[in-house]
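Architecture and fold: a report
Each chain, written out:
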Amino acid sequence: MTDYKDTINLPRTAFPMRANLPQREPQMLKAWEENDVYGEIRRAAAGRPIFVLHDGPPYANGTIHLGTAVNKILKDIIVKCRTLAGFDAPYIPGWDCHGLPIELNVEKKKGKVGHKLDATAFRQACRDYAWRQLERQRTDFKRLGVLGDWDHPYLTMDPRYEAEQLRGFATILERGHVYKGYKPVHWCLDCRSALAEAEVEYKDKTSTAIDVRFPVVEVDDLLSRMGIALVDRPPAAVPIWTTTTWTLPGNQGVTLNADLHYSLLRVNLNGADELLLVASPMVEDVAKRYGASSFESVGDVKGEALSGLKLKHPFYERVVPVVLGDHVTTEAGTGAVHTAPGHGHEDFDMGLRFNLPLDNPVDGEGKFRPDTPEVGGAHIYPAEEQIRKLLRQHGALLHEEPFQHSYPHCWRHRTPVIFRATPQWFIGLEQAGLRDAALAAIKDVQFTPSWGEQRIEGMVANRPDWCISRQRSWGVPIALFIHKDTGELHPRSPDLLRQVADRVAEQSIDAWFDLDPADLLGDEADQYDKVTDIMDVWVDSGMSHHAVPALFPPMDMPVDLYLEGSDQHRGWFQSSLLTSVAMRGRAPYKGVLTHGFTVDQNGHKMSKSLGNTVAPQDIVKDKGADVLRLWVAATDYRGEIYFSDEILTRTADSYRRMRNTQRFLLGNLHGFTIGADDVPVAEMVWLDRWALARAAALQAEIVAHYERYEFHPIYQKIHNFCILDLGGFYLDVIKDRLYTTGAASHARRSAQTAIYHIAEAMVRWIAPILSFTAEEIWQALPGERGGTVFTQTWYELPHVDLMASPVDWDIVLNVREVVAKELEALRGAGKIGAPLEARVEVHGGESLAAMLAALQEELRFLFITSAATVQVVHQAPASGAHGQLPSGEDFWVVAEPAAAPKCVRCWHRRDDVGSHGEHPELCGRCVANVAGEGETRRFA
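These lines cover the structure that appears in this document, whether it is placed above or below. (Residues numbered from 1 in each chain as written. Predicted model: local features only at pLDDT ≥ 70, side-chain atom pairs only at ≥ 80, totals over all residues. Heavy atoms only, no water.)

Re the overall build of the protein chain
Helix and strand content of the protein chain: 29 helices and 30 strands. Relative to its length of 940 residues, the protein chain is extended, with a C-alpha radius of gyration of 39 Å against a globular reference of 30 Å. In terms of its C-alpha atoms, the protein chain occupies a principal-axis envelope of roughly 130 × 75 × 45 Å. In the protein chain, which comprises 940 residues, the share counted as buried stands at 58%. Intrachain contacts of the protein chain at a sequence separation of at least 6 include 77% that bridge at least 24 residues. For the protein chain, the accessible surface area stands at approximately 38,200 Å², while carbon and sulfur atoms represent 49% of it. (Helix = DSSP H or I, 4+ residues; strand = E, 2+ residues; numbered from the N terminus. Rg over C-alpha atoms; globule rule 2.2 N^0.38 Å. Buried < 20%, exposed > 50% of the residue type's maximum accessible area, 1.4 Å probe, protein only. Contact = heavy atoms within 4.5 Å. Areas by Shrake-Rupley, 256 points an atom, 1.4 Å probe, with all protein chains shown as cover.)

Examining the packing of helix α21 (residues 645-667) against helix α25 (residues 771-780)
Axis separation between α21 and α25 bottoms out at 11 Å; the angle between their running directions is 10°. Classified by the interaxial angle, the pair formed by α21 and α25 is roughly parallel. Note on element contacts: α25 touches α21 through Thr773, Glu776, Ile777 and Ala780, opposite Tyr655, Arg659, Gln662 and Leu666. Of the residues in the contact of α21 with α25, the class split is 4 nonpolar, 2 polar and 2 charged. (Axes fitted to C-alpha atoms, helices over the stretch in contact; angles between N-to-C directions. Parallel < 35°, antiparallel > 145°, perpendicular 65-115°, else oblique. Nonpolar A, V, L, I, M, F, W, Y, C, P; charged D, E, K, R; others polar.)

Structural notes on the sheet that holds strand β12 (residues 310-312)
One open sheet accounts for 4 strands, arranged β12-β13-β8-β14; its pairing is mixed. Every other strand in the sheet has two partners, leaving β12 and β14 (337-339) as the edge strands with one partner each. Between one strand axis and the next, the sheet turns through 35° on average, direction left out of account. Across the sheet, helix α9 (residues 345-354) lies against β8 (253-256), β13 (319-324) and β14, angled at about 100° from β13, the strand it touches most. (Pairing = 2+ DSSP bridges.)

A short note on the pairing of β13
In regular strands, side chains alternate between the two faces of the sheet. Bridge count for β8 against β13 is 3 bridges, and the pairing is parallel. Looking at β13, one finds that Leu256 is bridged to Leu324. As defined by bridge partners, β12 adjoins β13 across 3 bridges and the pair is classed as antiparallel. Across the sheet, the residue bridging to Leu311 is Val320, located in β13. Adjacent in sequence and paired antiparallel, β12 and β13 are bridged by 6 residues.

Things to note about the side chain of Thr865
On the secondary structure map, Thr865 appears in the loop between α28 (859-863) and β28 (867-872). Judged by its relative accessible area of 0%, Thr865 is buried. When residues no more than four places from it in sequence are discounted, the contact partners of Thr865 are Leu823, Pro835, Leu836, Ala838, Val840, Arg860 and His908.

Side note on the pairing of strand β27 (residues 838-844)
Extensive coverage of β27 is indicated by the burial of 6 of its 7 residues. With 7 bridges joining them, β27 and strand β30 (residues 890-897) adopt antiparallel strand pairing. Looking at the pairing, Arg839 lines up with Glu896 of β30. Across 6 bridges, the pairing between β27 and β28 is parallel. Bridge assignment links His843 to a residue of β28, and that residue is Gln871.

Describing the pattern of salt bridges
On inspection of all chains with the given rule, the structure shows 61 salt bridges. The network of salt bridges with common partners includes Asp55, Lys72, Lys75 and Glu564. (Salt bridge = Lys/Arg side-chain N within 4 Å of Asp/Glu carboxyl O.)

Remarks on the sheet that holds strand β18 (residues 466-467)
Across the sheet, which stays open at both edges, the 4 strands sit in the order β5-β4-β16-β18 with antiparallel pairing between neighbours. The sheet is open, and its two borders are formed by β5 (193-195) and β18, each paired with just one other strand. Relative to β18, strand β16 (residues 418-427) runs antiparallel, the two being bridged by 2 bridges. The residue bridging Ile427 from the neighbouring strand is Trp466, located in β18.

Considerations on the environment of Trp907
Tracing the sequence through the fold places Trp907 in the loop between β30 and α29 (924-930). Residue class for Trp907 comes out exposed when judged on its relative accessible area of 53%. For the pair Trp907 and Asp736, spaced 171 residues apart in the sequence, the C-alpha separation amounts to 9.6 Å. In terms of polar contacts, Trp907 uses its side chain to reach the backbone carbonyl oxygen of Val904, at 3.4 Å. (Polar contact = N/O pair within 3.5 Å; in protein donor to acceptor, adjacent residues only side chain to side chain.)

Concerning helix α22 (residues 686-707)
Given a rise of 1.5 Å per residue, 22 residues ought to cover 32 Å, and the 32 Å separating the end C-alpha atoms of α22 matches this to within 8%. Backbone geometry just after α22 places Tyr709 at a positive phi near 60°. (Expected span 1.5 Å × (residues − 1).)

What about the packing of aromatic side chains?
Scanning the model with the defined rule gives 22 aromatic pairs in all. Ring centres of Trp32 and Phe772 lie 5.0 Å apart, and the angle between their planes is 10°; this geometry places the pair in the stacked category. With Trp32 in helix α1 (residues 21-34) and Phe772 in helix α25, this residue pair connects regions lying 740 residues apart in the sequence. Owing to a relative accessible area of 7%, Trp32 belongs among the buried residues under this scheme. A ring pair is formed by Trp95 and Trp150, whose centres lie 6.1 Å apart and whose planes are at 55°; its orientation type is tilted. Of this pair, Trp95 sits in strand β2 (residues 94-95) while Trp150 sits in the loop between α5 (119-143) and β3 (154-155), placing them 55 residues apart in sequence. For the residue pair Trp95 and Trp150, the accessibility class agrees, reading buried in each case. Among the aromatic residues, those joined into a cluster by ring pairs are Tyr91, Trp95, Phe141 and Trp150. For Lys530, the ring lying beneath its charged end belongs to Trp512, and the centroid distance is 5.2 Å. In this structure, Lys902 packs its charged tip against the face of Trp907, placed 4.8 Å from the ring centre. (Phe/Tyr/Trp six-rings, centres within 6.5 Å; stacked < 30°, edge-to-face > 60°. Lys NZ or Arg CZ within 6 Å of the ring centre and 35° of its normal.)

Description of a positive patch on the surface
On the surface, a cluster of positive charge is contributed by Lys109, Lys110, Lys116 and Arg132. Summarising the element assignment, Arg132 is placed in helix α5. Classification of Arg132 by relative accessible area gives partly exposed; the value is 46%. (Patch = residues over 30% accessible without salt bridge, like charges linked within 9 Å, V, L, I, M, F, W, Y side chains within 5 Å. Lys, Arg positive; Asp, Glu negative; His and termini not counted. Charge placed at Lys NZ, Arg CZ, Asp CG, Glu CD.)

Description of unusual backbone geometry
Cis geometry marks the peptide bond from Thr448 to Pro449, where omega comes out at -5°. You can see Pro449 is positioned in the loop between β17 (446-448) and α12 (451-462). Pro558 follows Met557 through a cis peptide bond whose omega is -5°. By the secondary structure assignment, Pro558 is in the loop between α17 (544-551) and β23 (559-565). Despite not being glycine, Gln856 shows a phi value in the positive range, around 50°. Judged by relative accessible area, Gln856 falls into the exposed class, the value being 62%.

A few points about the packing of helix α20 (residues 625-634) against α21
For the pair α20 and α21, interaxial distance at closest approach is 9 Å and the crossing angle is 105°. Between α20 and α21, the interaxial angle falls into the category roughly perpendicular. Facing α20, whose interface residues are Asp626, Val627, Leu630 and Trp631, α21 presents Ile647, Leu648, Thr651, Ala652 and Tyr655.

A short note on the side chain of Thr773
Turning to its location among the elements, Thr773 is positioned in helix α25. For Thr773, a relative accessible area of 1% corresponds to the buried category. There is a polar contact of 2.6 Å between the side chain of Thr773 and the side chain of Asp626. In contact with Thr773, other than residues within four places in its own chain, are Phe15, Leu21, Asp626, Tyr655 and Arg659.

Some words on the environment of Phe721
Relative to the helices and strands, Phe721 resides in helix α23 (residues 712-740). Given the relative accessible area of 1%, Phe721 is considered buried. Placed 655 residues apart in sequence, Phe721 and Leu66 show a C-alpha to C-alpha distance of 29 Å. In contact with Phe721, not counting residues within four places along its chain, are Arg694, Ala695, Leu698, Leu726, Gly727, Ile758, Met762 and Trp765.

Describing the state of the cysteines
Throughout the structure, instances matching the rule amount to 0 disulfides. Cys722 carries a free sulfur, and the closest cysteine sulfur to it, the one in Cys81, is 19 Å from it. Exposure remark for Cys722: the relative accessible area of 2% places this residue in the buried category. (Disulfide = S-S within 2.5 Å.)

Set out below in structure tokens:
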């Protein structure tokens, strides 16, 4: 038997079948850094239109997790696809470096400020800690294949950034948006500082709910207001219901709703009659809760008639009034709300409205002030039992029971916060129309998904003023001077802020803390105090729209896109919006994209406490960053992002299929020289033209999806193209042409031309997602491949007019699908092994027969059978598979084993095998190909 192996054009490529990503990717990263690939991209894109995705700074504390990886990969995909779309899309990563978590970590090792370190040394320790954290995170982000200016990130602790933040703050102050106020704020007892709204999350908490009597001072006054007379005068009280026992020492009033009806109940509790004033809709629930042996309503009145009614504090010698407020409802309790102006927004508003004392008896550590009667010096939570004991002693405790409810918690410590009235600095939402201007600015922003607009709109519409001051050490100072006697700001505050900023740019924030006021104020210095508070870190990151363009001039505002998790509608999206509107009257972004949270296969949010977290570093070590990136792209990020080992395994399988398709294309481009061997479109085999047209149509869809930031359809369509259009049809058909025709034959060069164009297009399609693999493919493609795929733009595929084809390729595919079913049936019956062991007949009407007959000898190559013929029939044959065209026309496929001998070179079973003396084992077509005569193909 003659060995014809050397006459076969077998695929040859350096692109390996085994990806070996965990080992190969680090080598590519090293090459990217050595060759300054990011700089190469910037130089190649110079002069193009600018597209800026502004990086929301991750916090420089702790290693990256799966959610962080999702965020950075999505950003990288967008930056790369916008570069391919012809933009100059720089990516400047950033880090949020100030704030409490860093400060607390330093405290654990170094002690609190003033213990082992002075404030300056403590801030330096915080700076050093943040540097170490961001270095770890930077290494992890780069390992994911994220390209950016990693050597020059923006850092909120950079003195130049801190200076720009102060300059921006000066503008906000100048425009009338900043004030100092005494009002309740969320206070974390662990942070020992005020919190912003974005630092608070709501979780369930079980408290002891209590009902407390507030005795009526003058029962006759109550009865008179209600227009009733009673022969006897049992004691009367207004019961309140609360879940925060510790706030009762701060009580200064009881609030009713002016529009609610209230009933005066005569109840018998523990054998004695008394009168209780309760909201009428709640009478039955209240009586049942108190265990009243009997009760009756002796009168009814609207709340407005009871304004000013005097009550006794339940355990202090204090008279408190009834006041009226719209926040009182009948959802829970009694319809009467205990009001402590120092411990709640609504309570504080009632205090201002009705001139109640605004006293706050609780200090920053959660202890009652020493001068607080009965509980002075006690911590609020242990003191609750002490307070309930006082209530019992005074006969004021009506009922107590455990109660589960939603309660604000510190997002860092996961511990309950308290409301505590303190002097703080605020950005006022009503000051100079900031709220209305922010709501108007939202209308000019494109939100993805669209529901993001309503989400942030509702939050801005309903949020209180922004408390921007913190009583800590590690942060940008609120660099203001206030008059010692009047408490007023220095009249030149904006200018002074800018002078401080100049010093901070040179010396860091220490310049403010070390500043002698006389250096700026001269003779006025002894009249003013320096503010020692620092800014909320949300001001730091929220001011990046101002600071980053000042430090990186190519960036300008508003940027094209902000991209973060859905929690940032109340965080960075909002802080950026408010500061930008306060400074410029417009949003800092044209678009906002939101992604969901990572969850496990059961839909549970990933958390260390549940033990369901997966480290991206482990995934990268095991399967490679490109598999992780493919998982991100394959998921609809707009909702929850599901992750499991099973999902990752499926993703890895998909990656392998796509890689193998690329390898087939590259392997069959061996010996193909661009410009010398490519065939003009008008001279290409029609099937090759069809493949180019299909690729061009798909590219249009892919580019449109990238434009809309829709990545999971891109994954699905590229995957399907590889598996169905290419692997399941086109590549399957052209294998024979690629392998068995002459190396330089027109038939082979036509196929190579098509797969070359497809490979050039596809490497760009996948580059934003499978970045390492795309770069590997780029270097393996024919021709001089200097540089990187990331400097390229979308490939311009040759135009193909399929309307000129005498063959309707959709019908061919339709018929081929039925042929495949019939061949599978033959194989299942054990009559054939491979499709080339069969011959088929297609039976159909005149139009189908005429169209397929035009394919002539080439029909068998499309079906991958040894023979294929067409017959005109109008009724079903005795056997065979039935099919139907889109027009409704029926056709049938009949298949049977081919009886002809097998050609050892092409494996087709042909009658002319053995008829050529020199090559008795070959068919006539192979004889001609071996002789170098080649063959002509028109269709397949």
